[in-house]
Each structure stands twice: as structure tokens, then as C-alpha cells.
Amino acid sequence: MRRVGVTVAVAGASGYAGGELLRLLLGHPEVELGALIAGSSAGRPVTDVHPHLVPLSGRAFDAVGGPLDADVVFLALPHGASAAVADTLPASARVIDLGADHRLTSAADWAAGYGGPFSESWPYGLPELPGAREQIAAATRVAAPGCYPTATILGLAPLIAAGLIAPDDIVVVAASGTSGAGRAPKEHLMGSQVMGDLWAYKVGGHQHRYEIAQALGISSLSFTPVLAPLPRGLLATCTARLVDPQTTTAQLRGALESAYGDEAFVHLLAADAWPHAAAVNGSNACQLQVTADPATGRAAVVSVIDNLGKGAAGQAIQCMNLMLGIPETTGLSACGVAP
């Protein structure tokens, strides 16, 4: 049965994350779509921008400034644009921000990573962190995590909590598909520029390092993002010094199994399997593997997510489900699409 009266509005509905939100919400049994706000695409048919969303044939994007009178509002807007919209919404509306505006608790970190006015932080929408579900369920405002932070935090948080890795010696190299850069046309994201190539960017200064460090409770880390010739998908390779060089792979796996053994969307793979980004495409899943490297005294964790799924729209809907008090997995799948 569809829940009567639960309407959902999406601001930024013409973007990649907005389109993924629409796709998932169309299959969600408990809600119905309200306003679909877009900027430059206002007035255009939705299927001109998202031709795969056939059920929305006949609907056009609403203009910025139009009504956002809904029970749940998703803000899939560029960083720095969400706070002003959120301030106009009634306190009774449940609001989930997919941007960065409300993730950081430190004004100094915001200034270093993003610049511009600093907004208050909201409860952090990564349900698998200890205590997060209760905070999300009780909130009317939630800040959904970024894609790089989601993959990194899920891989490292249980190992830090168990005292197995040194929190002051963490190195992350993560590759993401081009949809993570948004839909706006950019020369360096053209197919002829991206195909057959990989490149690191914002080395030593990517804004997500602050969010990762905050969520892990550490002061800093080395973080290098890499653009991969994929439309979607994200693979993070995280290494950290072992507190005890004699720590075994079995002990590392035990910490991850203890943290995620009952989770619907986070899966530790069998000991002889390593994550593939394509395996989680179209899903809300995160797949993990970990090993101890005795030659270097370090742990290595590899995690994969769909940057538009668990890294954006899927995770936001997971948070919405908690806020509405319905089963967390409603409208979401842990199974990827293949080939």
C-alpha cells in the first residue's frame, strides 16, 4: 500500500543525483512525487533530460522559487546553494541535503574546503555509523554524506574503533566516475578527454578530506581523488599503519564483520574476493575487502560504491526511510546491475 499523503519534492531534479533520486522514488511504495525543481531546465519536459524516466512523461521541471510544499524535500543542489533554500522551508518538513552545506561542524574546515558563508551542521546521514540511525530517525534535517567520504569512512571506521589501525597515518586513493563531477558541461569531462585516461585532481587539497576526518574523529589524512573513465562507480583504496604489526588479516576482517554482519547494504566479501566497482552499480550497496600487509606493517581496505547510489541518492532515501519510520531498505536494493 502506498502511504497516503507523503509527498516528496526534489530541488535540483535535473542533475545526475537528482535524476537518480527520481528513478528510485518512482519505485518507492510509500511516497509520491511532488515538485521537481530545476534551474536552467525549468519548463523542459523531464524526459528530455532523463529519457529513462518514462513514468514522468508529460511532466515538466518546475522553476526555482516554485512551491516546495512537501513532507520530504531533497536538496540535490551545488555546494553552497542548499542552505538558502533550506532556510525557506517549514520546520515541519523533513529535509535531506545531498550537498555539503550542512556536513561540517568546523567553520575553519568549511572555509578551507569550500569558502563562502558557513551554515550550521545537521545530523550526519551515514546510518551504519554507531548511533547514527537514532539521530537520523529523530531529525527533521539530515546532511547526506559525500561519495568519497562514504566509501572511505565505511572501510576505516570499524578498524579505528577497534584500535587496530593508527588514526594518524591514513592514506586514501579513490577513483570515481565522471557523474561525480555533476552534469554541467565541462571540457575536461568530454568523452574524448576522459576515455582511455586517468588523472588525479585536487591532490592534497580536496574538500572531502575534512568531512572524512570529522566523521572518523581524526585530525587529518592523505586523500587523493582520481577521475576514472566511467559514468558511475567509485573505488577507494585506504591504507593505514597497524597499531600492532602482528595484527592479522583475520583480526581486521573480524572488526568489519562485527560492524557490518547484520547490515543490509554493507558487505564484507569472502576472503579471496576483491571489490569491483561495477558490481554495485545501480544499488545502495558498499562492498569491502581488507588485508594485513606484514611487509609494511599496514592494513589495506578496498571499498566500492555507486557514487550516485550509496554515495548520493540511495543513501539519501535510506535516511528518508529512517526519518519516516518505515523499513530502512524500502525502495532500495543491495544488488547491482550487470553486465
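Scroll up to find the structure.
Now for a look at the structure at hand. (Residues numbered from 1 in each chain as written. Predicted model: local features only at pLDDT ≥ 70, side-chain atom pairs only at ≥ 80, totals over all residues. Heavy atoms only, no water.)

### With respect to the sheet that holds strand 7 (residues 165-176)
Consider a sheet: its strands pair through backbone hydrogen bonds, and that pairing is either parallel or antiparallel.
For step 1, the next point in the chain: Sheet architecture is open: seven strands sit in the order 8-9-7-10-13-12-11, paired in mixed fashion. Pairing within the sheet leaves two strands with one partner each, and these edge strands are strand 8 (199-200) and strand 11 (266-268).
For step 2, the next point in the chain: Summarising the sheet, strand 7 and strand 10 (residues 234-242) pair through eight bridges and their orientation is antiparallel. Bridge pairing in strand 10 links Ala175 to Leu235.
For step 3, the next point in the chain: This element, helix 6 (residues 147-161), spans strand 7, strand 9 (222-227), strand 10, strand 11, strand 12 (286-293) and strand 13 (298-305) of the sheet and lies at about 150° to strand 7. (Pairing = 2+ DSSP bridges. Helix = DSSP H or I, 4+ residues; strand = E, 2+ residues; numbered from the N terminus. Contact = heavy atoms within 4.5 Å. Axes fitted to C-alpha atoms, helices over the stretch in contact; angles between N-to-C directions.)

### Examining the nonpolar core
For step 1, the next point in the chain: Counting residues in each nonpolar core, the largest one holds 79 residues, and the members touching the most others are Leu21, Leu22, Leu25, Phe74, Ile96, Leu159 and Met320.
For step 2, the next point in the chain: Once residues within four sequence positions are removed from consideration, Leu25 is found in contact with Val8, Val10, Val31, Leu33, Phe74, Ile317 and Met320.
For step 3, the next point in the chain: The next biggest cluster of nonpolar side chains, apart from the first, holds 15 residues, and it includes Ala70, Leu77, Ala86 and Ala143. (Core = buried A, V, L, I, M, F, W, Y, C linked by side-chain atoms within 4.5 Å. Buried < 20%, exposed > 50% of the residue type's maximum accessible area, 1.4 Å probe, protein only.)

### With respect to the sheet that holds strand 6 (residues 141-143)
For step 1, the next point in the chain: Pairing is parallel across the open sheet formed by six strands, whose spatial order is 3-2-1-4-5-6. Because the sheet does not close on itself, it has two edges, and the strands there are strand 3 (62-63) and strand 6.
For step 2, the next point in the chain: Inspection of the sheet shows strand 1 (residues 7-11) paired to strand 4 (residues 72-75) by four bridges, in the parallel sense. In the sheet register, Val10 faces strand 4, and the bridge partner there is Phe74.

### Some points on helix 10 (residues 309-324)
For step 1, the next point in the chain: Here helix 10 is 16 residues long, yet its end C-alpha atoms lie only 20 Å apart, well below the 22 Å a rise of 1.5 Å per residue gives.
For step 2, the next point in the chain: Of all the bends in helix 10, the greatest, near 45°, is centred on Gln315.
For step 3, the next point in the chain: Where helix 10 terminates, the next one or two residues include Gly325, which has phi positive at roughly 75°. (Expected span 1.5 Å × (residues − 1). Bend = angle between axes of the 7 residues up to and from the residue.)

### Regarding the layout of surface pockets
For step 1, the next point in the chain: Approximately 340 Å³ is the volume found for the second largest pocket.
For step 2, the next point in the chain: Around the second largest pocket, the lining is made up of 19 residues, and of these Tyr16, Ser179, Arg183, Pro231 and Leu308 lie nearest the centre.
For step 3, the next point in the chain: The leading source of residues in the lining of the second largest pocket is helix 1 (residues 16-26), at three residues.
For step 4, the next point in the chain: Among the residues forming the lining of the second largest pocket, the class breakdown is nine nonpolar, six polar and four charged. (1 Å grid on protein atoms, 1.4 Å probe; cavity = no way out; pocket = protein on both sides within 12 Å on 5 of 7 lines; lining within 4 Å. Points joined across faces, edges and corners; volume = space filled by probe spheres on them. Nonpolar A, V, L, I, M, F, W, Y, C, P; charged D, E, K, R; others polar.)

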